[in-house]
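# Working through the structure, step by step
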Amino acid sequence: TEVENTLVGLRDAAIIRLMSDCLLRVSEVVAVNVDDLKEKTLTLRSSKSDQEGSGESLYVCDATRNVLDRYRERADITDGAVFRHIRRGDHIQPNRLHPHSARRIIKKRAADAGVKGLISGHSLRVGSAVSLAQAGATVVDMQVAGRWKSSEMPAHYAKAELAERGAIARFKDGKR
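What comes next is a walk through the structure. Nothing here was measured: the structure is a model prediction, and the numbers come from that model.

## Structural notes on the environment of Ala 129
Inspection of the secondary structure assignment puts Ala 129 in helix H5 (residues 123-134). With a relative accessible area of 0%, Ala 129 lands in the buried category. Once the C-alpha coordinates of Ala 129 and Gly 146 are considered, the two residues, 17 residues apart in sequence, prove to be 7.5 Å apart.

## Observations regarding the packing of aromatic side chains
Considering all chains together, one arrives at one aromatic pair under this definition. Between Tyr 71 and Phe 83, the ring centres sit 5.9 Å apart and the planes meet at 15 degrees, which makes this aromatic pair stacked. A residue pair is termed long-range when its members are at least 10 positions apart, and Tyr 71 in helix H3 (residues 62-75) and Phe 83 in the loop between H3 and strand S3 (84-87) qualify at twelve residues. For the pair Tyr 71 and Phe 83, a shared accessibility class is recorded, and that class is buried.

## Let's talk about the packing of H5 against helix H6 (residues 139-146)
For the pair H5 and H6, interaxial distance at closest approach is 9 Å and the crossing angle is 150 degrees. Pair H5 / H6 crosses with right-handed handedness. Every residue of H6 that contacts H5 at Arg 125, Ala 129, Leu 132 and Ala 133 is listed here: Met 142, Ala 145 and Gly 146. Residues that form the contact of H5 with H6 fall into these classes: five nonpolar, one polar and one charged.

## Quick look at the pairing of strand S4 (residues 91-96)
Strand residues, when the strand is regular, have side chains that alternate between the two faces of the sheet. Bridge count between S3 and S4: three bridges; the pairing is antiparallel. Within the sheet, the bridge partner assigned to Ile 86 lies in S4 and is Ile 92. Where S3 hands over to S4, the hairpin turn is made up of three residues, of which Gly 89 adopts a positive phi near 80 degrees.

## Considering the pattern of salt bridges
Tallying each qualifying case throughout the model produces nine salt bridges. A salt bridge links Asp 90 to Arg 74, with the shortest nitrogen-to-oxygen separation between them at 3.3 Å. Taken as a pair, Asp 90 in the loop between S3 and S4 and Arg 74 in helix H3 lie far apart in primary sequence, 16 residues in all. On the basis of relative accessible area, Asp 90 is assigned to the partly exposed category, the value being 29%.

## Points about the state of the cysteines
By the definition in use, this model includes zero disulfides. Its sulfur unpaired, Cys 22 is 8.0 Å from the next cysteine sulfur, which belongs to Cys 61. A relative accessible area of 33% places Cys 61 in the partly exposed class.

Rules and cut-offs
- Residues numbered from 1 in each chain as written.
- Predicted model: local features only at pLDDT ≥ 70, side-chain atom pairs only at ≥ 80, totals over all residues.
- Heavy atoms only, no water.
- Helix = DSSP H or I, 4+ residues; strand = E, 2+ residues; numbered from the N terminus.
- Buried < 20%, exposed > 50% of the residue type's maximum accessible area, 1.4 Å probe, protein only.
- Phe/Tyr/Trp six-rings, centres within 6.5 Å; stacked < 30°, edge-to-face > 60°.
- Axes fitted to C-alpha atoms, helices over the stretch in contact; angles between N-to-C directions.
- Left-handed = near helix turned anticlockwise from the far one by under 90°.
- Contact = heavy atoms within 4.5 Å.
- Nonpolar A, V, L, I, M, F, W, Y, C, P; charged D, E, K, R; others polar.
- Pairing = 2+ DSSP bridges.
- Salt bridge = Lys/Arg side-chain N within 4 Å of Asp/Glu carboxyl O.
- Disulfide = S-S within 2.5 Å.

What follows is the structure in structure tokens.
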């Protein structure tokens, strides 16, 4: 897209795509280092649900890897933090993006895209859970993808979608 012609646009697209693919929290995306990205996976070193830091491997889609590669190549990021501050004129900074900055980016890009309603740093995680439900994922699939300890949160996020293909819809209306 046109936005992805700037370094800031590439970075922002990479953040949003990676958060969506891996159901990342803001704190997790800003912690990503170059060494955490392998060919098709992101190694999450620690997270809210993995505070002991045993790490998890999460799948990264082809389109997201392409944007990440273009961003890193253009920014000449070969080690350390992947997501960094960028000053006017596409001047990449060595310092890691702060979670507050990442939240601001998400809100700005959502507004630019015409998204209405409450947008937060958690919106991509919730939206990805709903998208998975719409694609036919089970609550267990969503729980595993989002690394939730219980099925309560993904079931809550996707309750409207799940209701549309629940027992009543299937057995009384014949929806499969």
